[in-house]
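Descriptive structure summary
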Amino acid sequence: MNRLDIAIVGAACRLPQAADLAAFSDLLFAGRDAVTEIPADRWSKRFYYDPDPKQAGKAYTFAAGVLGDIAGFDPGFFGMSPREAVNTDPQQRLLLELAYEAMEDAGIPIDRLGGRDMGVFVGNSAWDYAAIKTGDIALMDSQTMQGMALSSSANRISYIYNLRGPSLTVDTACSSAMVALHLACQAIAAGETPAALVGGVNLLISPQGFVGFSRASMLSPTGRCHAFDARADGYVRSEGSGVLVLKTLADALADGDEIRAVIRATGVNSDGRTNGISVPSRAAQAALLRQVYERAEVEPDDLAYLEAHGTGTPVGDPIEAAAIGEALAQRRASPLPIGSVKTNIGHLEAASGMAGLLKVLAAFERGAVPPSLYGETPNPRIPFEDLNLALLSKAHPLVAGPQGVLAGINSFGFGGTNAHAVLAAPPAKPVQADSGRAPPLLLSARSEEALRALAADWSALLKTDPPAAAALVRGAARRREAHPHRLVAMGDALPAALDGWLDGESADVTAGQASDGAMAFVFSGNGSQWAGMGRDAYAHSAAFRRAVDDIDALLAPQLGWSVAARLAGPPESVALRRTEVAQPLLFAVQVGVVAALRDQGIVPDACIGHSVGEIAAAWTTGALSLEDACKVIVHRSRLHQERHGSGGMAVLGLAPEPARAFLAEHEPALEIAAVNGPASVTVAGPAAALQTLATTARAHGLVFSRLDIDYAFHSSAMDSLREPLARSLADLSPAAPILPLISTVTGEAVAGPDLGADYWWRNVREPVRFAAGVDALIAQGVRLFMEIGPQPTLQSYLRAGLKQAEASGAILSTLSADPKAADPFPAIAARAHVAGRSMAGAAQFDGPST
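Here goes a summary of the coordinates provided. Being a predicted model, the structure only gives us computed values, none of them experimental. (Residues numbered from 1 in each chain as written. Predicted model: local features only at pLDDT ≥ 70, side-chain atom pairs only at ≥ 80, totals over all residues. Heavy atoms only, no water.)

Overview of the overall build of the protein chain
For clarity, the threshold we go by: The way it works is that DSSP assigns letters per residue, a run of H or I at least four long becomes a helix, a run of E at least two long becomes a strand, and they are numbered from the N terminus. Here the term buried applies to any residue with accessible area under 20% of the maximum for its type, exposed to any over 50%, and partly exposed to those in between, with areas from a 1.4 Å probe on protein chains only. Residues are treated as being in contact if the distance between any of their heavy atoms lies within 4.5 Å. For the area figures, the Shrake-Rupley method with a 1.4 Å probe applies, and any residue is considered shielded solely by the protein chains shown. For the purpose of charge, His is not counted, nor are the chain termini; Lys and Arg are scored as positive and Asp and Glu as negative. Where a charge sits is defined by one atom per residue type, namely NZ (Lys), CZ (Arg), CG (Asp) or CD (Glu).
Within the protein chain, the regular secondary structure consists of 30 helices and 28 strands. Viewed in the frame of its principal axes, the protein chain has a C-alpha envelope of about 110 × 60 × 50 Å. Looking at the 850 residues of the protein chain, the share that counts as buried comes to 58%. When contacts within the protein chain are restricted to residue pairs at least 6 apart in sequence, long-range pairs at least 24 apart make up 79% of them. Of the accessible surface of the protein chain, which amounts to about 32,400 Å², a share of 52% is contributed by carbon and sulfur atoms. Averaged over its 68 positive side-chain charges, the protein chain has a centre that lies 1 Å from the centre of its 88 negative ones.

Considering helix H3 (residues 90-105)
Think of an α-helix as 3.6 residues a turn; residues three or four steps apart then line up on the same face. Here is the rule: A helix's residues, less one, multiplied by 1.5 Å, set its expected span. Counting of polar contacts relies on pairs of N or O atoms within 3.5 Å, with two restrictions inside protein: one atom must be capable of donating a hydrogen and the other of accepting it, and residues adjacent in sequence are counted only when both atoms are side-chain atoms.
A rise of 1.5 Å per residue sets the reference length of H3, with its 16 residues, at 22 Å; its end C-alpha atoms lie 22 Å apart and thus fit the reference within 8%. Among the 16 residues that make up H3, 15 are buried, leaving the element largely enclosed by the rest of the structure. A distance of 2.9 Å separates the backbone nitrogen of Gln91 from a side-chain oxygen at the start of H3, and that oxygen is part of Asp89. Once H3 finishes, Gly107 follows within two positions and takes phi at roughly 75 degrees, a positive value.

Quick word on the nonpolar core
The condition that has to hold: Buried residues of nine kinds, namely Ala, Val, Leu, Ile, Met, Phe, Trp, Tyr and Cys, make up a nonpolar core once their side-chain atoms join them within 4.5 Å.
Within the largest apolar cluster, 91 residues are counted, with the highest numbers of intra-cluster contacts made by Phe521, Phe587, Leu597, Trp760, Met786 and Phe825. Among the elements that line this core, the one with the most residues is helix H21 (residues 579-599), at twelve residues. Residues Ala85, Ala106, Leu328 and Leu387 belong to the second largest nonpolar core, which totals 70 residues.

Quick notes on the sheet that holds strand S13 (residues 389-391)
Two orientations exist for strands paired in a sheet by backbone hydrogen bonds: parallel and antiparallel. As a reminder, the rule being used: Strands pair, by our definition, only if DSSP identifies at least two bridges between them. Between N-to-C directions, angles span 0 to 180 degrees; the directions come from axes that are lines fitted to C-alpha atoms, helices contributing only their stretch in contact.
With mixed pairing, eleven strands are arranged side by side in an open sheet as S5-S4-S6-S8-S1-S9-S16-S15-S10-S11-S13. One side of each edge strand has no neighbouring strand; the edge strands of this open sheet are strand S5 (167-170) and S13. The average angle at which neighbouring strand axes cross in this sheet is 25 degrees, direction not considered. The sheet contact formed by strand S6 (residues 195-202) and strand S8 (residues 240-248) spans eight bridges and is antiparallel. The residue of S8 that forms the bridge with Val201 is Ser241. Its contacts with the sheet place helix H7 (residues 176-189) against strand S1 (6-14), strand S4 (118-123), S5, S6, S8, strand S9 (261-270), strand S15 (406-412) and strand S16 (417-424), and it is angled at close to 175 degrees to S6.

Quick look at the side chain of Thr682
Among the structural elements, Thr682 can be located in strand S24 (residues 680-685). The residues touching Thr682, leaving out its near neighbours within four places in the chain, are Met649, Ala650, Val651, Glu671, Ile672, Ala673, Ala674, Asn676 and Leu707.

Thoughts on the packing of aromatic side chains
The condition that has to hold: Pairing of aromatic side chains requires ring centres within 6.5 Å, counting the rings of Phe and Tyr and the six-membered ring of Trp. Pairs whose planes differ by under 30 degrees are stacked, by over 60 edge-to-face, and all others tilted.
Here the structure, examined in full by the defined rule, presents 13 aromatic pairs. Plain terms: the ring middles of Trp43 and Phe210 are 5.8 Å apart, the flat faces sit at 55 degrees to each other, and that makes the pair tilted. Taken together, the residues Trp43 in the loop between strand S2 (36-37) and strand S3 (63-65) and Phe210 in helix H8 (residues 208-215) connect sequence positions 167 residues apart. Take Trp43: its relative accessible area is 9%, and that puts it in the buried class. Both rings, one in Phe213 and one in Tyr235, keep their centres 6.0 Å apart while their planes meet at 70 degrees; by these two values the pair is edge-to-face.

Remarks on unusual backbone geometry
Phi is positive for Glu349, which is not a glycine, with a value near 55 degrees. Among the structural elements, Glu349 can be located in the loop between helix H12 (342-345) and helix H13 (352-366). We classify Glu349 as buried; its relative accessible area is 6%. The phi dihedral of Ser611 is positive, around 55 degrees, even though this residue is not glycine. Structurally, the position occupied by Ser611 is in the loop between strand S21 (606-609) and helix H22 (613-620).

A word on the packing of H3 against helix H6 (residues 152-160)
What describes two packed helices is the angle between their axes and the distance between those same axes. Our working rule: Comment on the angle field: the value is read as roughly parallel under 35 degrees, roughly antiparallel over 145, roughly perpendicular from 65 to 115, and oblique elsewhere. Crossing handedness: left-handed means the near helix sits turned counterclockwise from the far one by under a right angle, and right-handed means the same turn made clockwise.
Viewed as axis vectors pointing N to C, H3 and H6 meet at an angle of 45 degrees, and their least axial separation amounts to 9 Å. What the angle tells us is that H3 and H6 run oblique. The hand of the H3/H6 crossing is right-handed. Where H3 abuts H6, its residues Gln92, Leu95, Leu96 and Ala99 lie against Ser152, Ser153, Arg156, Ile157 and Ile160.

Here's the deal with the pairing of strand S20 (residues 518-523)
Burial runs high along S20: six of the six residues are buried. Burial along S20 is two-sided: Ala518, Ala520 and Val522 facing one way and Met519, Phe521 and Phe523 facing the other are all buried. Taken together, the six bridges between S20 and strand S27 (residues 782-788) define a ladder with parallel strand orientation. Bridge pairing in S27 links Phe523 to Ile788.

Comments concerning the sheet that holds strand S22 (residues 648-652)
Ordered by their spatial adjacency, four strands build an open sheet running S23-S24-S22-S25, and the pairing between neighbours is antiparallel. Whereas interior strands pair on both sides, the edge strands pair on one side only; in this sheet they are strand S23 (671-677) and strand S25 (704-706). Between one strand axis and the next, the sheet turns by 25 degrees as a mean value, whatever way the strands run. Of the strand pairs in this sheet, S22 and S25 are connected by three bridges, and their pairing is antiparallel. By the bridge assignment for S25, Ala650 is matched with Arg706. Strands in contact with helix H24 (residues 656-666) are S22, S23 and S24; relative to S23, the strand with the most contacts, it is inclined by about 155 degrees.

Dropping the structure here:
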C-alpha cells in the first residue's frame, strides 16, 4: 500500500485581509477580492512606476495582495533581542508567529516542545530583505548574514522552539511550499521524524521583484488574476504565510487530535526542457497527476474538487487545464470542478501552494468549495467541455465519493518544478457528550497589556457564539501554552466576568503573574486546627467529601468515632484540645484537601510536613499507604493524649544557636522543639519554666509568644512514648515515594523505606527542622509553596526562607477560618494556576475542544 495517510492536525495563516484561517474562510465564501496595492510605506513607488511596460528599471503595476503591519514583532516573546530582530528577515519573524499559532491549533503547548524530534520544512524564495540589507554595506553587522539567509526560514523555527528533526528551506519558486509539504510527508513516512511543521512564506518588501517581473511581462496590467478567464493577462503578486502541523493519521487518531484533513499522497517532478525555462509542460504536469493519484489509490471519479495553480497567465492556464483534463477529468463521468484562490488574494509565489491548501481546508470545514472569481467568461483557448472541466464561479457543494470527500492541489514553479497533493476530508469524529457548562477560562499572555487585550477578545468571542463556549474554554486550557501573566475566570457568565475584570471589578476573576519554579505542598501541624474546620469543604466539595469518607472507613473502627461526622457536625472547640481528636481530624482535612486539589488539576512536585503534618505528606508522596498513614495518626494521637498536661510551648524570636545559648543561661529546663525560620524557634517544657522565660525574654526585647497548647511536644516529656509507639507501628510497610519528600526530622529528602516505626518516634521526639526542610526545597528549585491545612500557620516562615535564599516566589494557603458556605477549591486552584501551577490537567477540561 503506497498511501501516506498523513494528518494535518494544526494550521495557521496570515493572508491578505485575513488574519487567521477563520477570516480567510469568511473572505473566500463571501467571494471577496483582497487585492489592493503596495502601501506607501514600503518604498517610494513614484521612483519605480511607469505604465509603459518597456521602460527599464520600472514596474507597470504595484497591484498586490498585502498584509497590514509586517514590521510589528515582539522579539522578547521569542527570546530574541531587538537588535537580532531588526537583522532578521520579516519572513522569518512571521513564520515564528505562525509556527506558534499552528502548534496551538494542534493542541501542542509550546512549553512541551523543547528537544522534541519534530521536522521543519519551509518553502521560501523571496530575497527582498537581503536586497535591502546588502544595498548599504554599512547596515550589515554580525547577525545580518544569518538574518537574511533563506536557510534560516526553517532553521530559526527549529532553533527558537528547540526542535531536533530535519530542518530545511525549499526554493523551487512558486511550488516551494508544496515541495516542502512533499518532503515533510516523505520524512514522516520514512520514520525520519514523527511530526513536522510545514510552511510557506512570501513578503513584498522591495521593488526589485515588481520591476523584474514587469520586464518579463508576467504581471497583470489590469491588476487581477483572471484565472482560466478570457481576460487572463498575467498574475498579481501577493504576500502572506501559512504553517501546518503534520503527523501520521494513526498517531493523530491515537492522540485524539482534531484532524483538519488527511494527506493521501504527494508528488513532485520537473518539466525538463521546454520552449523556455519558464514555459510549463503539459506532458510533465499530466504525468505527475497520474502518478500521484495512482499512489493515492484514487480514481478520477472519486475527486470532488481540484484547486488549480491558476495564475491567470495566457500561456500557463491553457497548459494546466489541458493536463488536468488529459490525466483526470476526461476519465470522469461528470465534469471536474476547478478553481484558483489567486483570484481572491493574488499569487503568493513561494507560498502559493499553501494558500491553495488552506482553501481546501476551509472547503472541507464548510462542506463546499468557495467561488473562483473573475470566471464569467471562460478562456476561449481552453476547451472546457472537451476537457470535462467546470470552472466554479459560484460556491459548489463538495460531493463525497466512495472514499469520502477528496480534493487535489496543483502547484508549479517557473523553473519547471511541479508539485501536487491529494487531500481527504477528516474522518468523522465520534460524537462526544457535552454538558454545555463551561469550565473556568484560563487565559495567559507575556504582558499585562496583552492579557487585557486577550480578555477583551475572549469576551467578544464568547458573546458571539455562546453555545460553543464550553468547547472554546476547554481548548484554551488544553491547547495553549500558559504564559507568565495569567487569568482565571469562573462562573456561568464568563463574558460578564471578563468585562468586570477589565472594568476593575474582579469578583469572578483571579489574575496575576506566575512564579517560575516547582511547587511544594506544605502540610501544617498542631495549632492549625479550629472549631468548624472542614465543614464548608465537606458540605460543598464532592472530591473532599469522598476522600474524607474513605478515610473514615479506615479510622472509625480504630478510633471508635467518625471523623466525617465530626467535620460535618457542630463545631467542637473543647474536643479539639485533645490530640486524640484534633490530630485525626487534621489528617482527614489534609487528605481531603489534597484529593480536592487533585480533582482541580493541582498536584505538587514535592512535599514537606510540619510535625504531625508529615503523615499526610508521606501519604501524598506515596511513601505511606492510606492504611499505614491512618495507623500512624491513630497511635501517635492516642499516645500524645497520655502526655496532656506535661507542659507547654512558646515561640521565641531567636536563631537556633543564640536560642540554645539563651536557654542554657536563663532557663535550661526548656528545649528547642522546632526551628521554623532563620530567626524563630519553638521551645517546649514545663509550664513554670515557660512563664519565667516569658519575663526574661521580654526584658531582653525578644519576641516571645506562648502557644495555647498543654503539651510539651518534641521534648523529653515525650520519652515515655517510645516503646509503645514502636510496638504499635512495627508492621508498617513504607515504600519509595513517587514525589520528593523532605523530612522535617532530618531537614533532607527521605527515602520511603526509612519511614518505619523508628522514624515516627523521631518525628514525635526530635525538634522539627522545618527551616532546614524549606531551605532544601528552595535549593531544589521550589518557588511556589501551598500550605495544606485548615488555616495558614506557616506563611511567615516560608516567606522568611525565600527571603534568606534571596529567591522570589509565591506563598499560598488553602482553607481558612473564614467560612464561605461554598466549595472553596475552585478559587484555591485558580490562585495556584495564576501563581504558576497549571490546573489545565483537571478532568473538568476533558471533552470536545476547539
